[in-house]
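Residues per chain, in single letters:
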Amino acid sequence: MHWPDYYTDAGEAKRFVAKTGVGYLSISAGIALVLHGASGIPEDEVLAARAAGVHKFNAGTDLRHAFRAGIGAVRSKGDYQLDDAMAEGRARMVAATVEKMKLQGCAGKAPR
């Protein structure tokens, strides 16, 4: 398979956007399979998707939930500082991101 044959032609994408007026357009730029809406998917299904060739998982909802849970945990204690709540939200979101990256097989793969 010659992957570049499947990439989106920039001129064609520009014409499509101009003609349809869409606000967002997903294009193919070399990532073969992307799973949109991967939040809440059980671990065994993520692993099965990886095995089937999915290379990108979009799971932003899970990360936003982790952030909100951190803020809520601090707020539930009563009087709180916004900086403390934001820090806890950020810490929980970072931890959730690391776990997602491990599960999805991309942790530790950035060039050094």
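Just above sits the structure.
All residue numbers refer to positions counted from 1 along the written sequence of the respective chain. In keeping with the model being predicted, local features are shown solely for residues with a pLDDT of at least 70 and side-chain atom pairs are shown and tallied solely at 80 or more, while totals for entire chains, interfaces and linings include all residues. Computation of side-chain values: all heavy atoms of the structure, hydrogens and water removed.

Let's talk about a nonpolar patch on the surface
Then, in step 1: Together, Phe16, Val17, Val22, Leu25 and Ile27 make up an exposed nonpolar region whose accessible area comes to about 380 Å².
Then, in step 2: Strands here mean DSSP runs of E at least two residues long; helices mean DSSP runs of H or I at least four residues long; both are numbered from the N terminus. As for its placement among the helices and strands, isoleucine 27 is situated in the loop between α1 (10-20) and β1 (34-35).
Then, in step 3: Only protein chains enter the accessibility calculation, which uses a 1.4 Å probe; a residue is then buried when its area is under 20% of its type maximum, exposed when over 50%, and partly exposed in between. A residue is classified by how much of its surface remains accessible, and isoleucine 27, at 52% relative accessible area, is exposed. Exposure above 30% relative accessible area and the lack of any salt bridge qualify a residue for a patch; like charges then connect within 9 Å, and the nonpolar side chains Val, Leu, Ile, Met, Phe, Trp and Tyr within 5 Å. Areas reported as accessible are Shrake-Rupley estimates using a 1.4 Å probe. Residue values count occlusion only from the protein chains shown. Basic side-chain nitrogens of Lys or Arg form a salt bridge, by our definition, when they fall within 4 Å of a carboxyl oxygen of Asp or Glu.

Topic: helix α4 (residues 82-104)
Then, in step 1: To estimate how far a helix should extend, the number of its residues minus one is multiplied by 1.5 Å. Here α4 contains 23 residues, and its C-alpha end-to-end distance of 32 Å stays within 8% of the 33 Å for a straight helix at 1.5 Å per residue.
Then, in step 2: Looking at α4, one finds that the buried residues are Ala85, Gly89, Lys100, Leu103 and Gln104.
Then, in step 3: The contact definition used throughout considers only heavy atoms, calling two residues in contact when any of these lie within 4.5 Å. On the buried face of α4, the contacting elements are α2 (43-51), β2 (56-57) and α3 (60-75).
Then, in step 4: Positive backbone phi, at 85°, marks glycine 105, one or two positions downstream of α4.

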